[in-house]
Amino acid sequence: MKIISGPASKELAEKISAETGYQDIPVAAKVFPDGESYVRLDGSVEGEDVAIVQTTCPPAQDSRVFQLAFLADAAKRAGAGKVSAVVPYLAYARQDKMFLAGEGISVQTLARMLKAAGIDELLTVNIHSENALQQFPFPAKTTSAIPLLAQYFVERGFKGAFALSPDKGAMYIAKQAQEVLGGDAGHLDKTRDRYTGQTVQTAEGLNVKGQTVIIFDDIISTGGTIVGAAKILREQGAAHVFTACVHGLLIGDAEKRILDAGVEEIVCTDSVPGKNSKVSLAPLISKELKAQV
Ligand code: R5P
């Protein structure tokens, strides 16, 4: 297998190449003056299976999706065998059904596009809902980076910390973290108005007084969920509050708002490269790719 370094995940792809020993194929990428994307494989993939590593996080998620599709097409035309897409953050995964009349299913459109471009299978990380994977017309799998995030805290001396999920549906995330941290786990409850997007968070029967609490989530976008959770935890007497998420989109001033709410540290993975991506997905993805061969 060869690793194609998508422009959005160059560093991660290089780490995966180093970890697996699979050759890294660089990509020449540019943007034309009119804003259109151009990519070119800078190495041979003829007769080889390839894994294109390309996250599709903001900013420019649409361009990143097109770069991924163009790379798959280029790989197939260059004689590659199986083309796998490794997409740590998968754009549009949250629109996996029609929530309101008149909507489409964005992730299904994306999946069909990727199929048409030549992608044979997809690996992503902590997709928001497994239902999104059902929309793909080829094998699509998600794997969890939560144990890696929890391990980050163990290595910093937080063994036994309380693992909290900001809503009940994501309790499985808190449980995955709890297995590594070895402390208690629990969740808040969150309801969202589909029209206004407003959320309400509550804590029923949660006891975190005096505890170090780490809020684990799949994604931090505007930061509203974590800010609200941190406020509740402070009211409940938590001694220290941290947060860890797989996909740290941290739109606008999300980071500042979270820190201002009393969260001591934000820890994310390199699915979204940035200053808070302190945990690399390279070991997790490398293991998955090795298992495929
Ligand atoms: C929602 O169910 C997700 O797991 C996240 O909690 C949510 O998408 C985070 O969004 P925001 O940071 O905008 O509150």
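Everything numeric in this text was worked out from a predicted model, so none of it was measured. (Residues numbered from 1 in each chain as written. Predicted model: local features only at pLDDT ≥ 70, side-chain atom pairs only at ≥ 80, totals over all residues. Heavy atoms only, no water.)

A. Expanded view of the side chain of S9. Its place among the elements puts S9 in the loop between strand 1 (2–5) and helix 1 (10–20). With relative accessibility at 3%, the residue S9 sits in the buried group. Residues in contact with S9, not counting those within four places in the same chain, are V53, Q54 and T55. (Helix = DSSP H or I, 4+ residues; strand = E, 2+ residues; numbered from the N terminus. Buried < 20%, exposed > 50% of the residue type's maximum accessible area, 1.4 Å probe, protein only. Contact = heavy atoms within 4.5 Å.)

B. Molecular detail of the domain arrangement of the protein chain. Domain annotation for the protein chain reports domain 1 (2–145 + 280–292) and domain 2 (146–270). In this structure, domain 1 and domain 2 have C-alpha centres spaced 28 Å apart. Contact residues are listed per partner, giving 17 residues for domain 1 and 16 residues for domain 2. Taking both sides of the interface into account, the surface hidden between domain 1 and domain 2 amounts to around 1500 Å²; carbon and sulfur atoms contribute 60%. It is L100, N126 and A145 in domain 1 that bury the most area against domain 2; as a group they hold 33% of the surface buried on that side. Counting every contact that joins domain 1 to domain 2 gives zero salt bridges. (Domains from an automatic or database assignment. Buried area = accessible area lost by both parts, 1.4 Å probe. Salt bridge = Lys/Arg side-chain N within 4 Å of Asp/Glu carboxyl O.)

C. Layout of a positive patch on the surface. Judged by side-chain charge, R94, K97, R192 and R194 come together as a positively charged surface patch. Turning to its location among the elements, R192 is positioned in strand 11 (residues 189–192). The partly exposed category is assigned to R192, whose relative accessible area is 46%. (Patch = residues over 30% accessible without salt bridge, like charges linked within 9 Å, V, L, I, M, F, W, Y side chains within 5 Å. Areas by Shrake-Rupley, 256 points an atom, 1.4 Å probe, with all protein chains shown as cover. Lys, Arg positive; Asp, Glu negative; His and termini not counted. Charge placed at Lys NZ, Arg CZ, Asp CG, Glu CD.)

D. Representation of the sheet that holds strand 14 (residues 240–248) within the structure. Pairing within the open sheet is parallel, and its six strands lie in the order 10-9-13-14-15-16. For this open sheet the edge positions go to strand 10 (185–187) and strand 16 (277–279), each flanked by a neighbour on one side alone. On average, each strand axis in the sheet is tilted by 35° relative to the strand beside it, whichever way the strands run. The strands touched by helix 6 (residues 171–181) within the sheet are strand 9 (162–165), strand 10 and strand 13 (212–220), with strand 9 carrying the most contacts at an inclination of about 165°. (Pairing = 2+ DSSP bridges. Axes fitted to C-alpha atoms, helices over the stretch in contact; angles between N-to-C directions.)

E. How the structure looks around the site of the ligand. Around the ligand lies a shell of 13 residues, among which D217, D218, S221, T222 and T225 are the nearest. K190 places a side-chain nitrogen or oxygen 3.4 Å from an oxygen atom of the ligand. Look at the ligand: alone it shows 380 Å² of surface, and the protein chains cover 88% of it. Listing elements by their share of the shell around the ligand, those giving two or more residues are strand 13 and helix 7 (224–235). Here the element with the most residues in the shell around the ligand is strand 13; it accounts for four residues. Taken together, the residues of the shell around the ligand sort by class into two nonpolar, six polar and five charged. (Near = heavy atom within 4 Å. Polar contact = N/O pair within 3.5 Å; in protein donor to acceptor, adjacent residues only side chain to side chain. Nonpolar A, V, L, I, M, F, W, Y, C, P; charged D, E, K, R; others polar.)

F. Looking closely at the environment of T109. Relative to the helices and strands, T109 resides in helix 3 (residues 106–117). A residue is classified by how much of its surface remains accessible, and T109, at 49% relative accessible area, is partly exposed. Separated by 94 residues in sequence, T109 and K15 place their C-alpha atoms 31 Å apart.

G. Quick look at the pairing of strand 7 (residues 121–125). Most of strand 7 sits inside the fold, with five of its five residues counted as buried. Covered by surrounding structure in strand 7 are E121, L123 and V125 together with L122 and T124, the residues of both alternating faces. Pairing analysis gives four bridges linking strand 6 (residues 83–87) to strand 7, with the strands arranged parallel. Bridging across to strand 7, A85 finds its partner in L122. Assessed by its sense of winding, the connection that carries the chain from strand 6 through helix 3 to strand 7 is right-handed. Direction of pairing for strand 7 relative to strand 8 (residues 140–143): parallel, over a ladder of four bridges. Its bridge partner being in strand 8, L123 is matched across the sheet by K141. (Right-handed = clockwise from strand over helix to strand, strands pointing away.)

H. Structural context of the state of the cysteines. This model, assessed by the stated rule, comprises zero disulfides. With no disulfide of its own, C57 lies 11 Å from the sulfur of C268, the closest cysteine sulfur. The class of C57 is buried, set by a relative accessible area of 1%. Counting only cysteine sulfurs, C245 is the nearest neighbor of C268, a cysteine outside any disulfide, at a range of 3.7 Å. (Disulfide = S-S within 2.5 Å.)

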